[in-house]
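Fold and contact review
Take a look at the letters that make up each chain.
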Amino acid sequence: PTTRDGVTLVADYHPVAPKQGAVVLLHMIPPNWDRTTYPDWFIEQLNARGLAVLNVDRRGAGDSGGVARDAYDGEAGRYDVEAAAKQLAADGYGPIGVLGASNGTTSMIDYAAWAPGEGLPPVAAMGFMTGGTYTENQTDMASVQGIPATFVYAKDETAWSSAQQATAPSTWSFHQQDVTGAHGTHLFTNEAAKSAVATALVEHYAGVLGE
């Protein structure tokens with residue numbers, strides 16, 4: 001897809017039939033990480049539950065154009081999510097969920113809070129793989145409390161996610177993993193955590209977006 005500010009993004013598209021819900025994947029901070037950090041086996045689990053997947057290289061990462069810092073600092077990060085969501089909607093998929101890893105969560109909530117007022121495809125479900133204070137660089141979590149969400153994180157990075165529980169709506173669930181040193185999509189490479197993390201996320205998106 002191409003963003004409204006002219007950046008060409010490269011993504012792996014995993015369609016399903018019949019067309020129904022879909023999930024946009026946003027990797028950890030560019031340029032250090034790219035779309036390859038989401039494992040094929042996880043995407044296959046989402047597909048098996050009837051969900052299409054668009055796995056995007058955020059601007060400044062992997063094969064996409066643009067400046068890396070713009071992906072999470074300022075308004076441009078939400079344009080990456082917009083381009084992906086509009087691509088899915090144009091192809092007949094919906095409702096649309098977004099999964100953010102580390103500061104991929106920043107762009108996710110930036111778009112989720114902004115989209116309704118712009119008449120853009122709304123975010124129907126969110127997933128946070130190690131959210132943190134960086135998540136709220138531009139947007140406060142209070143702005144997205146109306147959207148069902150699942151939080152997964154290691155036990156050595158609990159502070160921010162635990163703080164969200166104090167005001168969390170009933171549609172938010174929290175899944176602390178009894179592991180350390182597994183940040184963001186590294187949860188998928190941790191043998192002790194990956195099965196539980198994948199199950200929590202897949203069940204969340206399948207439950208909200210429909211099978």
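Before reading on, note that the structure itself is shown above.
These lines cover the structure that appears in this document, whether it is placed above or below.

Parameters at a glance
Residues numbered from 1 in each chain as written. Predicted model: local features only at pLDDT ≥ 70, side-chain atom pairs only at ≥ 80, totals over all residues. Heavy atoms only, no water. Axes fitted to C-alpha atoms, helices over the stretch in contact; angles between N-to-C directions. Helix = DSSP H or I, 4+ residues; strand = E, 2+ residues; numbered from the N terminus. Parallel < 35°, antiparallel > 145°, perpendicular 65-115°, else oblique. Left-handed = near helix turned anticlockwise from the far one by under 90°. Contact = heavy atoms within 4.5 Å. Nonpolar A, V, L, I, M, F, W, Y, C, P; charged D, E, K, R; others polar. Buried < 20%, exposed > 50% of the residue type's maximum accessible area, 1.4 Å probe, protein only.

1. Concerning the packing of helix H2 (residues 76–90) against helix H3 (residues 104–118)
Between H2 and H3, the shortest axis-to-axis distance is 8 Å and the interhelical angle comes to 70°. For the element pair H2 / H3, the angle class is roughly perpendicular. The two elements H2 and H3 cross, and the hand of that crossing is right-handed. The residues of H3 that touch H2, namely those facing Gly77, Arg78, Tyr79, Val81, Glu82 and Ala85, are Ser107, Met108, Asp110, Tyr111 and Trp114.

2. Looking at the packing of helix H1 (residues 40–48) against helix H5 (residues 194–209)
Describing two packed helices takes the angle between their axes plus the distance from one axis to the other. Their axes nearest at 10 Å, the elements H1 and H5 cross at an angle of 30°. When the interaxial angle is binned, H1 and H5 end up roughly parallel. Here H1 and H5 pass one another in a crossing that is right-handed. Here Trp41, Phe42, Gln45 and Leu46 of H1 lie close against H5, whose contacting residues are Lys194, Ala198, Leu201, Val202 and Tyr205. For the contact of H1 with H5, the per-class residue count stands at seven nonpolar, one polar and one charged.

3. Considering the environment of Asp57
Tracing the chain through its elements places Asp57 in the loop between strand S3 (52–56) and H2. Judged by its relative accessible area of 0%, Asp57 falls in the buried class. Asp57 sits 67 residues away from Ala124 along the chain, and the two C-alpha atoms are 21 Å apart. In this view, Asp57 contacts Leu9, Val10, His27, Asp34, Arg35, Gly62, Asp63 and Ser64; residues no more than four positions away in its chain are not counted.

What is shown is where atoms sit, not what they do.
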